[in-house]
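Observations on the model geometry
Spelled out, the chains give:
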Amino acid sequence: MTSPRDFEGVPRIGLGTDLHRLTPGRTCILGGIVFDECPVGPDGHSDGDAVLHAVTDALLGAAGLDDLGTLFPDDQESNRDRPSADFVAEACRRLQLARLAPLSIDIAIQCDRPKIAPRRAEIRAAIAKLVALPIDRVNVKGKTFEGVRATDSEVVSVVAVVLVG
Ligand code: MG
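A brief report on the enclosed structure follows. If you're wondering where the values come from, they're calculated on a predicted model, not measured in any experiment.

Calculation notes
Each chain has its residues counted from 1, running along the sequence as written. Residues qualify for local features only when their pLDDT is at least 70, as the model is predicted, and side-chain atom pairs are given and counted only at 80 or more; totals for whole chains, interfaces and linings, by contrast, use all residues. For the side-chain quantities, the full set of heavy atoms in the structure was used; hydrogens and water were omitted. To sort residues, take the accessible area from a 1.4 Å probe on protein chains only and compare it with the maximum for the residue type: under 20% means buried, over 50% means exposed, and anything in between is partly exposed. For helices the rule is a DSSP run of H or I covering at least 4 residues; for strands it is a run of E covering at least 2, with both sets numbered from the N terminus onward. Should DSSP find at least two bridges between two strands, the strands are taken to pair. What goes into a patch is any residue over 30% in relative accessible area without a salt bridge, connected to like charges within 9 Å or, for nonpolar side chains (Val, Leu, Ile, Met, Phe, Trp, Tyr), within 5 Å. Each accessible area value is a Shrake-Rupley result obtained with a 1.4 Å probe; residue values ignore everything except the protein chains displayed when judging cover. A carboxyl oxygen of Asp or Glu within 4 Å of a side-chain nitrogen of Lys or Arg is what we treat as a salt bridge. Here the term donor refers to an N, O or S atom within 2.8 Å of the metal (or 3.2 Å for Na, K and Ca), and because water is left out of the atoms, sites may appear incomplete. Here the term right-handed applies to a crossover when the path leading from its first strand over the helix to its second strand runs clockwise, the strands being oriented away from the viewer. To define axes, lines are fitted to C-alpha atoms, for helices over the stretch in contact only, and angles between the resulting N-to-C directions are given on a 0 to 180 degree scale. Two residues form a contact once any of their heavy atoms are found within 4.5 Å. Aromatic rings from Phe, Tyr and Trp, with only the six-membered ring used for Trp, were paired whenever their centres fell within 6.5 Å, and each pair was classed as stacked if the ring planes differed by under 30 degrees, edge-to-face if by over 60, and tilted otherwise.

Quick notes on the pairing of strand S7 (residues 155-164)
- Buried residues dominate S7, accounting for seven of its 10 residues.
- In this sheet, S7 lies alongside strand S1 (residues 12-24) in antiparallel orientation, the contact comprising 10 bridges. Opposite Arg 21, over in S7, you have Val 155 as the bridge partner.
- Two strands pair when backbone bridges link them, and strand S5 (residues 102-110) and S7 are joined in this way by eight bridges, in the antiparallel orientation. Pairing of Pro 102 across the sheet is with Val 164, part of S7.

As structure tokens, this is what we get:
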């Protein structure tokens, strides 16, 4: 049998996904960046930032820790309209306690609006700052649904993978 000690110093991968309904009247915040011009925004108990939720779950998952929903229940009043940057900060704090740190992050954001491409650099910079990584270790790509919609709702869907070591 392999001893756990054999994995000392070997990076671990984490996966996080999230999906939020996009609704009129909500501030559109994704990856910590506000899209002022977008008439719809991610619904949610917190600020709804699905990108930071996916990143948080990826960080926690890589470290084998609790997930976002367990740490920050969406029925808790203190989490209402809470900035999702808080969730990333708490995940990083818990990683640090486990003597771990993010090494790289890759994120795919799927939505028909807002357009992600023109704001990619800003999102990368915002997330890099949150997790204390150089910008070239945080990647973001935007994808559309190509006109295909499975439900009546407009949504944003995010997948994030994080390497931690
Ligand atoms: Mg979420």
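With respect to a nonpolar patch on the surface
- Together, Ile 13, Leu 15, Val 159, Val 161 and Leu 163 line one region of the surface with nonpolar side chains, adding up to about 420 Å² of accessible area.
- Breaking the nonpolar patch down by element, the ones donating at least two residues are S1 and S7.
- With three residues, the single largest contributor to the nonpolar patch is S7.
- With respect to the helices and strands, the residue Ile 13 is situated in strand S1.
- Note on Ile 13: relative accessible area 62%, which makes it exposed.

Notes on the coordination of the magnesium ion
- Within the first shell, the magnesium ion binds the protein through Asp 18 (OD), His 20 (NE2) and His 53 (ND1), at distances of 2.1 to 2.2 Å.
- In primary sequence terms, the donor set of the magnesium ion follows D-x1-H-x32-H. Pair noted here: Asp 18 is in strand S1 and His 53 is in helix H1 (residues 50-62), with a separation of 35 residues, a long-range link. For the pair Asp 18 and His 53, a shared accessibility class is recorded, and that class is buried.

Brief notes about the pairing of strand S6 (residues 138-143)
- Here S5 pairs with S6 via six bridges, running parallel. The residue of S6 that forms the bridge with Ile 107 is Val 140.
- Taken together, S5, helix H4 (residues 120-131) and S6 form a β-α-β motif whose crossover is right-handed.

Digging into the sheet that holds strand S4 (residues 40-42)
- Across the sheet, five strands lie side by side as S4-S1-S7-S5-S6; this open sheet has mixed pairing. Two strands in the sheet have a free side with no partner beyond their single neighbour: S4 and S6. In this sheet, adjacent strand axes meet at a mean angle of 20° when their direction is disregarded.
- Note that S1 and S4 share three bridges and pair antiparallel. Considered in S4, the bridge of Thr 23 is made with Gly 41.
- H1 rests against S1, S5 and S7 of the sheet, and its axis sits at about 160° to S1.

Considering the pattern of salt bridges
- Tallied over the entire structure, the rule returns seven salt bridges.
- Here Glu 77 makes a salt bridge to Arg 80, at a shortest N to O gap of 2.8 Å.
- The salt bridge partner of Asp 86 is Arg 82, with a shortest N-O separation of 3.0 Å.
- Of the residues examined, Arg 82 reaches a relative accessible area of 23% and is grouped as partly exposed.
- One connected set of salt bridges, linked through shared partners, spans Glu 90, Arg 93 and Arg 94.

As for the packing of aromatic side chains
- Taken as a whole and assessed by the stated rule, the structure comprises one aromatic pair.
- On the basis of an interplanar angle of 40° and a centroid distance of 4.4 Å, the ring pair of Phe 72 and Phe 87 is categorised as tilted. Placement of Phe 72 in the loop between helix H2 (68-71) and helix H3 (85-97) and of Phe 87 in helix H3 is noted, with a sequence separation of 15 residues between them.
- The class of Phe 72 is buried, set by a relative accessible area of 13%.

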